[in-house]
Amino acid sequence: QVHLVESGGGLVQPGESLTLSCAASGSGFSTYYAGWFRQAPGKQRELVAGIRSDGSISYTDSVKGRFTISRDNAKSMVYLQMNSLKPEDTAVYYCKAATGIRAYWGQGTQVIVSS
C-alpha cells in the first residue's frame, strides 16, 4: 500500500515557475513507476511526465523543454519542476505510483496560471 500526498500548487503568472512535490509513504517505492498527471476543467486526465524505477523518463509533447520530473527514492519523493508556465497548464495535478498490478493516486494539487 502506498499513500501519496502532493504539494506545491498555486497561482502564478504566465512565464513563472512552480515545483510540485509528491511524498510517498509505504514500502517499495523505489520499484514503482511514478508519474504526474493533470486534469483541466471539462477535460480528461492526461499524463504529463513519468519516471520509471530504472530512471527512464517520458513527457507529453506540450511540456517538453519546460517541465522536469525527478525522483528521490531515499526520500520517497517525486518532483515536477515546471518552468515557463502557460495558461493552458492550468489544471489539478495528480501524482501516481504504480507497479504491475497496483496503482495509487494522490488527492491532487491545483495549479492556476493566469495574469
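The following refers to the structure shown. (Residues numbered from 1 in each chain as written. Predicted model: local features only at pLDDT ≥ 70, side-chain atom pairs only at ≥ 80, totals over all residues. Heavy atoms only, no water.)

## A look at the state of the cysteines
Inference 1: Applying the stated criterion to the full structure yields one disulfide.
Inference 2: Each sulfur of the disulfide joining Cys22 and Cys95 lies 2.1 Å from the other. Residues Cys22 and Cys95 are joined by a disulfide whose S-S torsion is about -85 degrees; by sign, that bridge is left-handed. With Cys22 in strand S3 (residues 18-25) and Cys95 in strand S9 (residues 91-98), the pair connects residues that are 73 residues apart, well separated along the chain. (Disulfide = S-S within 2.5 Å. Helix = DSSP H or I, 4+ residues; strand = E, 2+ residues; numbered from the N terminus.)

## Points about the side chain of Thr109
Inference 1: Relative to the assigned elements, Thr109 resides in strand S11 (residues 109-113).
Inference 2: Within the structure, the side chain of Thr109 is placed 3.2 Å from the backbone nitrogen of Gly9, a separation counted as a polar contact.
Inference 3: If we ignore the near neighbours within four places in the chain, the residues touching Thr109 are Glu6, Ser7, Gly8, Gly9, Leu20, Ala91, Val92 and Tyr93. (Polar contact = N/O pair within 3.5 Å; in protein donor to acceptor, adjacent residues only side chain to side chain. Contact = heavy atoms within 4.5 Å.)

## A closer look at the pairing of S3
Inference 1: In this structure, strand S1 (residues 3-7) lies alongside S3, joined through five bridges in antiparallel fashion. What sits directly across from Glu6, in S3, is Cys22. (Pairing = 2+ DSSP bridges.)

## A closer look at the environment of Gly106
Inference 1: Relative to the assigned elements, Gly106 resides in the loop between strand S10 (103-105) and S11.
Inference 2: Residue Gly106 is classed as buried on the basis of its relative accessible area of 12%.
Inference 3: For the pair formed by Gly106 and Leu4, sequence separation is 102 residues and the distance between their alpha carbons is 4.6 Å.
Inference 4: With near-sequence residues (within four places) excluded, Gly106 lies in contact with Leu4, Glu6, Tyr94 and Cys95. (Buried < 20%, exposed > 50% of the residue type's maximum accessible area, 1.4 Å probe, protein only.)

## Some remarks on the pattern of salt bridges
Inference 1: Applying the stated criterion across every chain yields a total of four salt bridges.
Inference 2: For Glu46, the salt bridge identified is with Arg38, shortest N-O distance 2.7 Å.
Inference 3: When its relative accessible area of 6% is taken as the criterion, Arg38 is described as buried.
Inference 4: Note that Asp89 and Arg66 form a salt bridge whose closest N and O atoms lie 2.8 Å from each other. Of the two residues, Asp89 sits in the loop between strand S8 (77-82) and S9 while Arg66 sits in the loop between strand S6 (57-59) and strand S7 (67-72), which places them 23 residues apart along the sequence.
Inference 5: Overall, Asp89 belongs to the buried group, its relative accessible area being 1%.
Inference 6: Among the residues examined, Arg66 registers a relative accessible area of 10% and is labelled buried.
Inference 7: Each of Arg38, Glu46, Arg66 and Asp89 takes part in salt bridges that share partners, so that together they form one network. (Salt bridge = Lys/Arg side-chain N within 4 Å of Asp/Glu carboxyl O.)

## Some details on the sheet that holds S7
Inference 1: Strands sit in the order S1-S3-S8-S7 across an open sheet of four strands; the sheet is antiparallel. Of all strands in the sheet, those bounded by a partner on one side alone are S1 and S7. Across this sheet, the average inter-strand angle for adjacent strands is 15 degrees, counted without regard to direction.
Inference 2: The pairing of S7 with S8 spans six bridges and is classified as antiparallel. Pairing of Thr68 across the sheet is with Gln81, part of S8. (Axes fitted to C-alpha atoms, helices over the stretch in contact; angles between N-to-C directions.)

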